Amino acid sequence: PFNNSTTIQFSLPKETEFNLSIYNIKGEQIETLFEGIKKAGYHKVNWNTNQPSGIYFAKFSSENQIKTIRMIFLK
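Residues numbered from 1 in each chain as written. Predicted model: local features only at pLDDT ≥ 70, side-chain atom pairs only at ≥ 80, totals over all residues. Heavy atoms only, no water.

1. Side note on the environment of I66
Here is the rule we go by: Think of it this way: any DSSP run of H or I at least four residues long counts as a helix, any run of E at least two long counts as a strand, and we number them from the N terminus. Exposure classes here rest on a 1.4 Å probe applied to the protein chains alone. A residue is buried below 20% of its type maximum, exposed above 50%, and partly exposed in between. Contacts are assigned to residue pairs that have any heavy atoms within 4.5 Å of one another.
By the element assignment, I66 lies in strand 6 (residues 66–73). Under the relative-accessibility criterion, I66 is labelled exposed at 58%. Setting aside anything within four residues of it in sequence, one finds I66 in contact with K59, F60 and S61.

2. Let's talk about the pairing of strand 6
Just so we agree on the cut-off: In short, DSSP must find at least two bridges between two strands for them to pair.
Judged from the 8 bridges that link them, strand 5 (residues 54–62) and strand 6 form a sheet pairing that is antiparallel. Bridging across to strand 6, A58 finds its partner in I69. Taken together, strand 5 and the strand that follows it, strand 6, pair antiparallel across an intervening segment of 3 residues.

3. Looking at the layout of surface pockets
Cut-off, in case you're wondering: Grid points spaced at 1 Å and placed over the protein atoms alone form the basis of the search, with a cavity being a set where a 1.4 Å probe fits but cannot get out and a pocket an open set showing protein on both sides within 12 Å along at least five of seven lines. Lining residues have an atom within 4 Å of a point. Grid points are joined across faces, edges and corners, and a volume is the space filled by probe spheres set on the points.
Approximately 270 Å³ is the volume found for the largest pocket. Lining the largest pocket are 16 residues, and of these S11, L12, P13, S62 and Q65 lie nearest its centre. Elements that contribute at least two residues to the lining of the largest pocket include exactly strand 1 (5–12), strand 2 (16–24), strand 5 and strand 6. By residue number, the principal contributor to the lining of the largest pocket is strand 1, which donates 4 residues.

4. What to know about the environment of P13
Residue placement: P13 occurs in the loop between strand 1 and strand 2. Judged by its relative accessible area of 77%, P13 falls in the exposed class. On a C-alpha basis, the gap between P13 and K39 in space is 8.6 Å, while along the polypeptide they are 26 residues apart.

As structure tokens, then:
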């Protein structure tokens, strides 16, 4: 759980076209945190939000992989 701000951490094995987007529980995309080319390595992205409390999903998309994590936002 987090309150107004959280840090999303991830690593990439090689430089790749990358997208990190946030979705609400209805599956609606509410924000894109990064879109473009990311270098290989460990990365951190901050998400500051004024959304209502609830469950959100961070979707990581690269050239050959998609991963989704669940986050709980509490005000």
